[in-house]
Amino acid sequence: MTIGVLALQGSVAEHIKLIKSVNKKIDAVPVKTIDELAAVDGLIIPGGESTTLRILLDEFKLYTPIRTRVEAGMPVWGTCAGLILLANRIEGERSYFGLLDIDVKRNAYGRQIDSFVTEGDFAGMYVGMVFIRAPFITRVGPNVEVLAEHDGRAVAVKQDNILATVFHPELIARDNRIHKYFINMVEESLK
Ligand code: GLN
């Protein structure tokens, strides 16, 4: 199994490390090109800055290839900016992939200085959650499952082959359980 991490911007190395820590036999590789994308069974779109990522995704001609793969069932996991790019609606701007039936409001948890770490339940597991200029999920569509909440608001969701978290599991270096959760989704998709 090969899992790709979109490597245009954001925390790429951290995701790769945690995927490998789940199982050494799984290949975890950076993805920057159409050919690299074609070789993966699942893709992580990391956090960073969604405005920058959308420009780079266009420049690297990855919009259509990623969209086509996700529509064909390839598991994808967006963290923070990655979640924003997957969302159906982004308050005040055009959506990007628009594949995940949620609405988001960018930077709603405040500025960089308001970043925080908390803990909470994610699909029955008690995990650390790092919020860095994270968006609010302001609407969750009927076919979207809420996996985690913070202050009564959804912060992790799943819709079929799409997983999305507003927080950053890759920054809790000692905990690979959400990465394992995503690997299970990829395993299921290959059956
Ligand atoms: N604030 C960023 C955005 O709106 C997301 C931040 C992050 O990915 N940690 O795109």
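So, a few notes on the structure that sits alongside this text.

## Here's the deal with the sheet that holds strand β5 (residues 87–90)
Argument step 1. The sheet built from 3 strands is open, its strands ordered β5-β6-β9 with mixed pairing. If you trace the sheet from one side to the other, it starts and ends with β5 and β9 (136–140), each paired once. Across the sheet, the mean angle from the axis of one strand to that of its neighbour is 35°, orientation sign disregarded.
Argument step 2. Pairing analysis gives 4 bridges linking strand β6 (residues 100–105) to β9, with the strands arranged antiparallel. Its bridge partner lying in β9, Val104 is registered against Ile137.

## A short note on the environment of Leu83
Argument step 1. Looking at where Leu83 falls in the secondary structure, it is placed in helix α5 (residues 81–86).
Argument step 2. When the C-alpha positions of Leu83 and Leu53 are compared, they lie 12 Å apart, and in sequence the two are 30 residues distant.
Argument step 3. The contact partners of Leu83, leaving out residues within four places of it in the chain, are Gly78, Ile102, Val104, Pro135, Ile137, Ala164, Thr165 and Val166.

## So, the side chain of Ser50
Argument step 1. Topologically, Ser50 is positioned in helix α3 (residues 50–59).
Argument step 2. With residues near it in sequence (within four places) discarded, Ser50 still touches Ala81, Ile84, Leu85 and Arg106.

## What to know about the packing of helix α1 (residues 12–22) against helix α6 (residues 177–190)
Argument step 1. With their axes 9 Å apart at the nearest point, α1 and α6 run at an angle of 75° to one another. On the basis of their axis angle, the class for α1 and α6 is roughly perpendicular. Contacts between α1 and α6 involve His15, Leu18, Ile19 and Val22 on the former and, on the latter, His179, Lys180 and Ile183.
Argument step 2. For the contact of α1 with α6, a count of residues per class yields 4 nonpolar, 2 polar and 1 charged.

Cut-offs and rules
Residues numbered from 1 in each chain as written. Predicted model: local features only at pLDDT ≥ 70, side-chain atom pairs only at ≥ 80, totals over all residues. Heavy atoms only, no water. Pairing = 2+ DSSP bridges. Helix = DSSP H or I, 4+ residues; strand = E, 2+ residues; numbered from the N terminus. Axes fitted to C-alpha atoms, helices over the stretch in contact; angles between N-to-C directions. Contact = heavy atoms within 4.5 Å. Parallel < 35°, antiparallel > 145°, perpendicular 65-115°, else oblique. Nonpolar A, V, L, I, M, F, W, Y, C, P; charged D, E, K, R; others polar.

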